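Summary of the model geometry
If you want the building blocks of each chain, they are given just below.
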Amino acid sequence: MKMSSFPLELSEGDRPMIRFMHVHKNYGHFSVIEDLNFDVAEGETVSIIGPSGSGKTTVLRVLMTLETISGGVVYIDGKPLTHMARNGVFVPADERHLRQMRSSIGMCFQHFNLFPHMTALENCMEGPVQVLGLSKREARDRCEDLLSLVGMIDKKDQHPSRLSGGQQQRVAIARALAMRPRVMLLDEVTSALDPEVIGEVTNVIRKLVTEHKLTMLMVTHQMGFARDISDRVCFFYGGKIEEEGVPDVLFGNPRRERTKHFLSAVKEAV
Ligand code: ADP
Ligand code: MG
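Residues numbered from 1 in each chain as written. Chains lettered and ligands numbered in written order. Predicted model: local features only at pLDDT ≥ 70, side-chain atom pairs only at ≥ 80, totals over all residues. Heavy atoms only, no water.

1. Digging into the domain arrangement of the chain
- Domain annotation of the chain identifies domain 1 (3-104 + 181-269) and domain 2 (115-180).
- Using C-alpha coordinates to define each centre, domain 1 is positioned 25 Å away from domain 2.
- Taken together, the two surfaces of domain 1 and domain 2 that pack against each other cover about 1200 Å², and 74% of this comes from carbon and sulfur.
- If you sort the residues of domain 1 by the area they bury against domain 2, Pro181, Glu200 and Val204 come out on top, with a joint share of 37%.
- Joining domain 1 to domain 2, the criterion identifies 1 salt bridge.
- With a shortest N-O distance of 2.9 Å, arginine 170 and glutamate 200 are connected by a salt bridge.
- The tally of links between domain 1 and domain 2 comes to 4 residue pairs in polar contact (both at pLDDT 80 or more).
- With 7 residues, the single largest contributor to the side of domain 1 that touches domain 2 is helix H6 (residues 195-211).
- Considering only residue class, the side of domain 1 that touches domain 2 consists of 10 nonpolar, 2 polar and 3 charged. (Domains from an automatic or database assignment. Buried area = accessible area lost by both parts, 1.4 Å probe. Salt bridge = Lys/Arg side-chain N within 4 Å of Asp/Glu carboxyl O. Polar contact = N/O pair within 3.5 Å; in protein donor to acceptor, adjacent residues only side chain to side chain. Helix = DSSP H or I, 4+ residues; strand = E, 2+ residues; numbered from the N terminus. Nonpolar A, V, L, I, M, F, W, Y, C, P; charged D, E, K, R; others polar.)

Written out as structure tokens, the structure is:
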């Protein structure tokens, strides 16, 4: 598709929070995402499942502007993320545009990456103070509320090394929320955790979904959890959406052979 055929901005009546439009991503000759068309509506919770290497993390990294794409356009709330208009035509986004767009997006990874020399509270306050320019007082109020939300207010003055994996991950979620993102991306946030603390993290995510109107895109291996909290589940295979649907249909009555095969393989693994 020619760049000139992509709209510079999506029109009012057709403006999902996230839109991938004919997106391609190659590493050299290797195609990781192939002609991906994918929307997430405002307030929707979407889970991505699929085999290792199917491009799930790449989709999130593109949204976090950690990867450039090889073709197509990604839009956030109708505005181009990967591109910007210059004299009425699209050019690749520059650093300034990316920085501006990035502020709508929060992400948590499998490894929490908290700053080790800062307390839980300081970890959360860093972005609001340094990037958003909040006063320390405003940032502290906001972050204490969020640490309460994730059940970590009692540990706010602890350094990450004193916290369990589940506790660190909850702080990481609070830290991402402290930037007030419109879109939250979660990539296998429970995969590196000990089994007994997985529940405390999934409960926090469940609370976010039910009590807060965030748009959430989550990659997970926990099929029961995905089935429980998602509005829609997308099964990725080979950089494409092989099948998608509401959880009960995708898990209960998958149509594609690859989906059936994947779901029975993960069932056997647990
Ligand atoms: P998933 O999260 O579904 O396991 P990824 O999105 O991480 O998959 O990766 C998709 C494919 O892209 C994999 O085959 C992976 O090896 C490849 N890939 C990811 N990052 C790079 C990179 N920086 N260079 C080359 N290939 C990469
Ligand atoms: Mg991955």
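2. Describing the packing of aromatic side chains
- One pass over the full model with this rule turns up 4 aromatic pairs.
- Between phenylalanine 235 and tyrosine 237 the ring centres are 6.3 Å apart and the planes differ by 45 degrees, which places this aromatic pair in the tilted class.
- For tyrosine 237, a relative accessible area of 35% corresponds to the partly exposed category.
- Where phenylalanine 235 meets phenylalanine 262, the ring centres are 5.1 Å apart and the plane angle is 35 degrees; that geometry is what we call tilted. Remark: phenylalanine 262 occurs in helix H9 (residues 257-269) and phenylalanine 235 occurs in strand E11 (residues 232-237); sequence separation between them is 27 residues.
- Overall, the relative accessible area of 10% leaves phenylalanine 262 in the buried class.
- Through a chain of ring-to-ring contacts, three or more aromatic side chains come together here, namely Phe20, Phe38 and Phe236.
- Across the ring face of phenylalanine 115, the terminal group of arginine 175 is positioned such that the distance to the ring centre comes to 5.3 Å. (Phe/Tyr/Trp six-rings, centres within 6.5 Å; stacked < 30°, edge-to-face > 60°. Buried < 20%, exposed > 50% of the residue type's maximum accessible area, 1.4 Å probe, protein only. Lys NZ or Arg CZ within 6 Å of the ring centre and 35° of its normal.)

3. Some details on H6
- Helix length check: H6 (17 residues) gives 25 Å between terminal C-alpha atoms against 24 Å at 1.5 Å per residue, within 8%.
- Burial in H6 covers these residues: Val197, Ile198, Val201, Thr202, Val204, Ile205 and Leu208. Seen along its axis, H6 keeps its buried residues to an arc of 150 degrees; they face one direction. Looking at H6, the residues exposed on the side facing more than 90 degrees away from the buried face are Glu196, Thr210 and Glu211. (Expected span 1.5 Å × (residues − 1). Arc of directions from axis to C-beta.)

4. Some words on the nonpolar core
- Counting residues in each nonpolar core, the largest one holds 38 residues, and the members touching the most others are Ile173, Met184 and Ile205.
- Formed jointly, this core draws a minimum of three residues from each of two domains, domain 1 (3-104 + 181-269) and domain 2 (115-180).
- Residue contacts for methionine 184: discarding those within four places in its chain leaves Gly106, Cys108, Ile173, Ala176, Leu177, Leu214, Thr215, Met216 and Leu217.
- In this structure, Val46, Val62, Val183 and Leu217 belong to the second largest nonpolar core, which totals 29 residues. (Core = buried A, V, L, I, M, F, W, Y, C linked by side-chain atoms within 4.5 Å. Contact = heavy atoms within 4.5 Å.)

5. Quick look at the sheet that holds strand E4 (residues 71-76)
- The sheet built from 4 strands is open, its strands ordered E2-E1-E4-E5 with antiparallel pairing. Here the strands that pair on one side only, and so sit at the sheet edges, are strand E2 (30-40) and strand E5 (79-80).
- Running over the sheet, helix H1 (residues 56-63) touches strand E1 (18-27), E2 and E4 and is turned about 115 degrees from E1. (Pairing = 2+ DSSP bridges. Axes fitted to C-alpha atoms, helices over the stretch in contact; angles between N-to-C directions.)

6. Some thoughts on the site of ligand 1
- Around ligand 1 lies a shell formed by Tyr27, Phe30, Val32, Pro51, Ser52, Gly53, Ser54, Gly55, Lys56, Thr57 and Thr58.
- In this structure, a nitrogen atom belonging to ligand 1 sits 3.4 Å away from a side-chain N or O atom of tyrosine 27.
- Within the side chain of threonine 58, a nitrogen or oxygen atom sits 2.5 Å from an oxygen atom of ligand 1.
- Surface burial for ligand 1 is 59%, taken as the share of its 560 Å² of free accessible area covered by protein chains.
- Elements with a minimum of two residues in the shell around ligand 1: E2 and H1.
- Among the residues forming the shell around ligand 1, the class breakdown is 4 nonpolar, 6 polar and 1 charged. (Near = heavy atom within 4 Å. Areas by Shrake-Rupley, 256 points an atom, 1.4 Å probe, with all protein chains shown as cover.)

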